[in-house]
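Structural description and commentary
These are the residues of each chain, in order.
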Amino acid sequence: MSATAAGLLQIALLLVLLAVVFKPLGDYMARVFTSTRHLAAERAFYRIVRVDPEADQRWSTYLLSALGFSAMSVLLLYAVLRLQDLLPLSLGFDGMPPALAFNTATSFVANTNWQSYAGESTLGYTAQMAGLTVQNFLSAAAGLAVAIALIRGLTRHRTDRLGNFWVDLTRGVVRILLPIAFLFALVLVAGGVVQNFTAPYEVTTLGGAVQSVLGGPVASQEVIKLLGTNGGGFFNVNSAHPFENPNALTNLLEIFLLLVIPVSLARTYGVMVKDKRQGYAVLAAMAVLWGAALVAVTAAEVNHPGTVPQAVGAATEGKEVRFDVWGSALFANSTTGTSTGAVNSMHASYTGAGGGVVMLNMMLGEVSPGGVGSGLYGMVVLAILAVFLAGLMVGRTPEYLGKKIGRYEISLVALYILAMPFALLIGAAIAASFDDTRASLLGDGPQGLSEILYAFASGANNNGSAFAGLTANTDYYNTALGLAMLIGRFTTIVLVLALAGALARQQPTPVTAGTLPTHRPLFVGLHSVTVIIVAGLTFFPALALGPIAVALA
Amino acid sequence: MNLTGLARQSWAGLRVLLLFTVLLGVVYPLAVTGVSQLAFGDQADGSLVSHDGEVVGSSLIGQPFDGDEWFHPRPSAAGDGYDTLASSGSNLGPESADLLAAVEERRAAVAELNGVDPADVPPDAVTASGSGLDPHISPAYAAIQADRVAEARGLDPAAVRELVDEHIQDRVLGFLGGERVNVLELNLALEDLDAS
C-alpha cells in the first residue's frame, strides 16, 4: 500500500471512530449534566466535603467556586512540587525551585501543561501522581463545568441561577473522565505503555553500553493527559517517547482520546439547547477548521519544502519511524487544534508551513475543536460574535438561540476575544526585546521569533506544546508564561460565566422571519470565517515575521 | 466580587481537592497498576528483552550500537545518544545551517561505512528522531547495512539480508504508521545467527 493511501485510511479510521461515539457519548454527557439524581457515591462525597449539592448558584457564586477551587489547586500543587523531596517515591529528586514550581502549578491547573522541566530528570512518582495526574482530571472537569454553565445560560430564562459548580465538577470526574480513563489506561498498557512503581535501574545493553530502564505510573497519567486535553508528558519528549506511545495503534488511539470529548460536546450542546441542528452546526465549524489545517500540515510535511528537508529527502527530523510522517502530522494538527499540547514529533523541526499552521491552530483560540469544555465555550462566544456581525450588516438587534445580544453581552464577547492576544503578544514582545530573554533561543532570525511566538501562543491558549528549542526554564519565561496561562484561562472563564449570567436573566425572544438561522451552512461558513478573520487580523503581522518568513526562506 | 464569598468557596474547594487527590492521585493509579500488573505484566514493566539470561533493555527503546558488527540505529539527540534520562529531539528548524551540516556529514559517513552511493542513504539514517530513543529504522536503512555487518562477522551476506527481510514489520493493520525494523531485535537475532 502506498504511503498516501495508508495515511488517508488512517484519517478515515479516526473519523469513523469519532462518528461512532459522537451520539452516545454526547447524549450521555447531556444526561450527566441535566439529571437531578445523585449517585450514592456522589452523595457520600458531598457529605464528606460538606457541600450542598442542591444549591443552585448565581453566576457570581459559580465563578467564585471555580476560582476558589483553582486557587487552592495552584497552592497545593505548588507545595507538592516544592516539597517533593519529602514525599515517598521521590527517586531522590529535589523540590522544584520557586519560579519553576509556579510555572508548573499554574500550567497544570490552567489545563495548559506547558513544561519547563523534563519529567524523567525532575519529578518523582508521588509528585507525578498525587500532584499532576490529579490536576489532569480536575482542570478538564472545571473547563467542562464552565461550558455546561454557559449552555444553561442559553437555555434558562428569567433566572439568576446557573447550577452548582461542585456537582458539575464531581459528575464530570466521576461519571465521564474517570471511567473512560480507567478503561483506556488498561488498553494503553496492553499496547506497551508502562505502569509500575519501579525506580530507574541500569542495564548493560547488547552493544555493551549502559542504559537506564525507566518506569513509573505512566499509563494512568498518559490517558487523562489526552482525554482531558491536558498534554503534559510523563517524560520530556511526551508522546514521542516509546513508553508513552509505543506503536502506531496507540498513536491513533491517543489522537482519538484527545479529540473525543471536545467533538462529542457539540452533540451535548445540541441536546441541551433542544435543537440538535445547533450542535451539528458547531461541529461543522470545528470540522472545517480542523480539516483545512490537517490538509495544510500534511501537505507541507509530506512534500517537505525547505532547505534541510529537501537535502534530507523527507521531513523526518524530529519524527519517529513507527508513526511515519502522516501519523505525526495527524497528531500535530489534532493536539494544537484541541488545547492538548501533547506531541509525538518535534514541531520546531517541522517545515516552515507545517510549523506555521500548527501555531495558527492555537492562535485561532483553540476551537478546532478546542479543549474539554473550553473549545465549546470558545466556539459559542465566536458564534455570538458572528451573529453580531451579521446583525450589523442588516441593521437588526442580533439574537442567538432566542437571546438578544445587546451592548453588555457583546462587550463581554469583545473582552474575551482580546484577552488571549493581549497575553500572547505582550509576553512575546517583551521576550523578543531583550538580550537576556533572546539568549534562550536555539534558532536565529525568523526561526527564533517563531520559538518565542509559539511559546506564548501555547501559554495564552492553554495548549502547552512547544518549539522546544527554546530554553524556557528561566525566571522570565517561567513567570511570564505562567501569567499568560492564568490570563488565557481565567479571564476567559470570568467573562464566559458573566455572559452566561446575563443570558439566563433574559426572556426568550420569539423566532421570526427576520431571525438569522444559526444551524444552516451559511452560518457555519460565517462562523468559521469569523474565527479565521479574528485570528488573522490579530496575528498576521507576527506570523509574517516568524513562520511565514521561515516558509518563504 | 466579595472576599468572604471567595474565602468560603476556597475553603470548600480545598476540601473537595483533598478528597479528589486521594481518589485520583492515589486510589486510581494504584488500581490501574494492580490490574495492569496482573493482566499485562510484561508490557507494564517495559517490554524487557533478555540475552543469555541478562536483561539488556526494552524492545521499545532504542540503544546505541557502535562497531561494524552491529546494525546501527538513527542519529539521536538524547544526551550523548540514546540516553533514556535525557530524551530529546534536536529541535533544529528546517533552515538551520547546523542541521544541514550535520545531515551532510552523516550522509557521507553512512555512505562510506556501508560502501553505498550517498544518494542511496535513506532519510531516517541522517535525521534524529523526536524522542532520541527511536527503536526503529526504515527497511531501506537496514538493507544498506546488511553486507557490512555480514563482512564484519564473517557471515554469509545472503543469510544476513534474509534476516533483515524477516525483521521488516509492516504498517500496523496494514495502514497505520510506517514500515520499520526494530534494531535491537534484529541485532539479537544476528547474535543468535552468529552463535549457530
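Residues numbered from 1 in each chain as written. Chains lettered and ligands numbered in written order. Predicted model: local features only at pLDDT ≥ 70, side-chain atom pairs only at ≥ 80, totals over all residues. Heavy atoms only, no water.

**Description of the overall build of chain B**
In terms of regular secondary structure, chain B is built from 6 helices and 5 strands. Since a compact globule built from 196 residues should have a radius of gyration of about 16 Å, the 24 Å found for chain B marks it as more spread out than a globular shape. Taking the principal axes of its C-alpha atoms as reference, chain B extends roughly 80 × 45 × 35 Å. Residues counted as buried form 53% of the 196 residues belonging to chain B. Across chain B, every contact between residues at least 6 apart in sequence was considered, and the portion connecting residues at least 24 apart equals 57%. (Helix = DSSP H or I, 4+ residues; strand = E, 2+ residues; numbered from the N terminus. Rg over C-alpha atoms; globule rule 2.2 N^0.38 Å. Buried < 20%, exposed > 50% of the residue type's maximum accessible area, 1.4 Å probe, protein only. Contact = heavy atoms within 4.5 Å.)

**A short note on helix α9 (residues 276–303) of chain A**
Taking 1.5 Å as the rise per residue, α9(A) with 28 residues should run 40 Å; its terminal C-alpha atoms sit 40 Å apart, in good agreement. One or two positions beyond α9(A), positive phi appears at H304(A), with a value near 40°. (Expected span 1.5 Å × (residues − 1).)

**Overview of the packing of aromatic side chains**
Residue and element names in this part refer to chain A. Evaluation of the coordinates by the stated rule reveals 14 aromatic pairs over all chains. Taking 6.0 Å as the distance between ring centres and 80° as the angle between the ring planes, the aromatic pair formed by F69 and W166 counts as edge-to-face. Taken together, the residues span a long stretch of sequence, with F69 in helix α3 (residues 59–82) and W166 in helix α6 (residues 165–191) at a distance of 97 residues. W166 sits in the buried class, given a relative accessible area of 5%. (Phe/Tyr/Trp six-rings, centres within 6.5 Å; stacked < 30°, edge-to-face > 60°.)

**What to know about the sheet that holds strand β4 (residues 168–169) of chain B**
All names here are of chain B. Strand order in this open sheet of 3 strands is β3-β5-β4, and the pairing throughout is antiparallel. Sheet topology places β3 (136–137) and β4 at the edges, where each strand pairs with a single neighbour. Of the pairings in the sheet, the one linking β3 to strand β5 (residues 180–182) comprises 2 bridges and is antiparallel in character. Note that in β5 the partner of H136 across the bridge is N182. (Pairing = 2+ DSSP bridges.)

**Details of the pattern of salt bridges**
Taken as a whole and assessed by the stated rule, the structure comprises 19 salt bridges over all chains. Across the salt bridge formed by R267(A) and D27(A), the nearest N and O atoms sit 2.7 Å from each other. With a gap of 240 residues between them, R267(A) in helix α8 (residues 248–272) and D27(A) in helix α1 (residues 3–34) connect regions that are remote in the sequence. D194(B) serves as the salt-bridge partner of R153(B), at 2.7 Å between the closest nitrogen and oxygen. Of this pair, R153(B) sits in helix α4 (residues 139–153) while D194(B) sits in helix α6 (residues 183–195), placing them 41 residues apart in sequence. Each of R58(A), D160(A) and R161(A) takes part in a single network of salt bridges with overlapping partners. (Salt bridge = Lys/Arg side-chain N within 4 Å of Asp/Glu carboxyl O.)

**Quick notes on helix α3 (residues 97–114) of chain B**
In this model, α3(B) (18 residues) spans 26 Å end to end at C-alpha, consistent with the 26 Å of a helix rising 1.5 Å per residue. Within α3(B) the residues assigned to the buried category are L99(B), V103(B), R107(B), V110(B), A111(B) and N114(B). All buried residues of α3(B) project into a common sector of 100° when viewed along the axis, lining one side. With respect to the buried face of α3(B), the exposed residues turned more than 90 degrees away are A97(B), D98(B), E105(B) and E112(B). In this structure, the buried residues of α3(B) make contact with α10 (307–312) of chain A together with α4 of chain B. Between the side-chain oxygen of the N-cap and the backbone nitrogen of D98(B) there are 3.3 Å, and the N-cap of α3(B) in question is S96(B). Immediately downstream of α3(B), the backbone of G115(B) shows phi near 65°, a positive value. (Arc of directions from axis to C-beta. Polar contact = N/O pair within 3.5 Å; in protein donor to acceptor, adjacent residues only side chain to side chain.)

**Quick word on the domain arrangement of chain B**
As far as domains go, chain B holds domain 1 (3–43) and domain 2 (49–195). The C-alpha centroid of domain 2 of chain B is placed 42 Å from the C-alpha centroid of domain 1 of chain B. (Domains from an automatic or database assignment.)

**Some words on the UniProt feature "transmembrane region" (unreviewed entry) in chain B**
Mapped onto this numbering, the UniProt entry gives "transmembrane region" (unreviewed entry) at residues 12–31 of chain B. From the first C-alpha to the last, residues 12–31 of chain B spans 27 Å; its make-up is 100% helix and 0% strand. (UniProt positions renumbered as here; feature names shortened; annotations may be inferred.)

**Structural notes on the side chain of N91(B)**
Mapped onto the secondary structure, N91(B) falls in the loop between β2 (54–58) and α3. For N91(B), a relative accessible area of 7% corresponds to the buried category. For N91(B), the residues in contact, after removing those within four places along its chain, are M346(A), A348(A), S349(A), L442(A), A468(A) and G469(A).

**Looking at the packing of helix α13 (residues 374–394) of chain A against helix α14 (residues 407–433) of chain A**
Residues and elements named next belong to chain A. Where α13 contacts α14, the two axes come as close as 10 Å, and the packing angle between them is 125°. The angle between α13 and α14 falls in the class oblique. Both α13 and α14 take part in a crossing whose hand is left-handed. Two secondary-structure elements touch here, α13 through Y377, G378, V381, L382, I384, L385 and F388 and α14 through I410, V413, Y416 and I417. Residue classes in the contact of α13 with α14 are distributed as 10 nonpolar, 1 polar and no charged. (Axes fitted to C-alpha atoms, helices over the stretch in contact; angles between N-to-C directions. Parallel < 35°, antiparallel > 145°, perpendicular 65-115°, else oblique. Left-handed = near helix turned anticlockwise from the far one by under 90°. Nonpolar A, V, L, I, M, F, W, Y, C, P; charged D, E, K, R; others polar.)

**What to know about empty space enclosed by the protein**
If you roll a probe as big as a water molecule over the atoms, it shows you where there is empty space left. Taken as a whole and assessed by the stated rule, the structure comprises 6 cavities of 30 Å³ or more. Broken down by secondary-structure element, the contributors of at least two residues to the lining of the largest cavity are α13, α14, α17 (475–505) and α18 (521–545) of chain A. (1 Å grid on protein atoms, 1.4 Å probe; cavity = no way out; pocket = protein on both sides within 12 Å on 5 of 7 lines; lining within 4 Å. Points joined across faces, edges and corners; volume = space filled by probe spheres on them.)

**What to know about the pairing of β2(B)**
Residues and elements named next belong to chain B. Sheet topology note: the strand β1 (residues 48–51)/β2 ladder contains 4 bridges and is antiparallel. In the strand pairing of β2, L48 is matched with S58. Connecting β1 to the next strand, β2, in antiparallel fashion are 2 residues, including D52 with a positive phi near 55°.

**Notes on the interface of chain B and chain A**
Each partner contributes residues to the interface: chain B has 96 residues there, and chain A has 101 residues. A salt bridge links R171(B) to D324(A), with the nearest nitrogen and oxygen atoms 3.5 Å apart. Scanning the region where chain B abuts chain A turns up 33 residue pairs in polar contact (both at pLDDT 80 or more). Class assignment for the residues of the side of chain B that touches chain A results in 47 nonpolar, 36 polar and 13 charged.

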